[in-house]
Amino acid sequence: MPARDELPSTLQRSPKEAQETWIKTHDSAVQEYGEGQRAHRTAFAALKHNFEKVGDRWKPKPERGPSDEQARRGAGKREKPTSGGVDARASKQHLYDRAQELDVPGRSSMNKQQLVEALQKKSGQQTRQARQQ
């Protein structure tokens, strides 16, 4: 099944470039690994190098690179927890700016890890709300 037919809802609300990155990677992964979770994980890993999840969509990152330890790990290595699309390797200021954009309460007193967790939570909430509409 072509990836365009199963584009995740967060990507449907994202820039065309993000959609194309996911689609091309997913289709290639399906040819390599077959249809299923592995193809989806591969597509999201590629997406996370150039985009980060902000609310219910993906936005371009200021710098290219893996967003978390899972995206950075090599093939065949033990899986690590993901940051749900939040660029956990970004600066604290960048995370604070994204938290401000999403109106995360208490952001001014949060450390970097707390900002990542709050952004994950807020993005998840907005994604669920968008899917219900």
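A brief report on the enclosed structure follows. (Residues numbered from 1 in each chain as written. Predicted model: local features only at pLDDT ≥ 70, side-chain atom pairs only at ≥ 80, totals over all residues. Heavy atoms only, no water.)

1. Remarks on the packing of aromatic side chains
Evaluation of the coordinates by the stated rule reveals two aromatic pairs. Ring geometry for F44 versus W58: centroids 6.0 Å apart, planes at 35°, classification tilted. Here F44, found in helix α3 (residues 37–47), pairs with W58, found in strand β2 (residues 57–60); they are 14 residues apart in sequence, far enough to count as distant. Given the relative accessible area of 22%, F44 is considered partly exposed. (Phe/Tyr/Trp six-rings, centres within 6.5 Å; stacked < 30°, edge-to-face > 60°. Helix = DSSP H or I, 4+ residues; strand = E, 2+ residues; numbered from the N terminus. Buried < 20%, exposed > 50% of the residue type's maximum accessible area, 1.4 Å probe, protein only.)

2. Re the packing of helix α2 (residues 16–33) against α3
Packing of α2 against α3 leaves a shortest axis separation of 8 Å and a crossing angle of 145°. Crossing angle aside, the handedness with which α2 passes α3 is right-handed. In contact with A18, T21, W22, T25, H26, A29, V30 and Y33 of α2, α3 contributes R38, A39, H40, T42, A43, F44, A46 and L47. Taken together, the residues that form the contact of α2 with α3 break down as ten nonpolar, five polar and one charged. (Axes fitted to C-alpha atoms, helices over the stretch in contact; angles between N-to-C directions. Left-handed = near helix turned anticlockwise from the far one by under 90°. Contact = heavy atoms within 4.5 Å. Nonpolar A, V, L, I, M, F, W, Y, C, P; charged D, E, K, R; others polar.)

3. Brief notes about unusual backbone geometry
Backbone geometry at D103 places phi at a positive 60°, although glycine is not the residue there. Note that D103 resides in the loop between α5 (92–101) and α6 (112–132).

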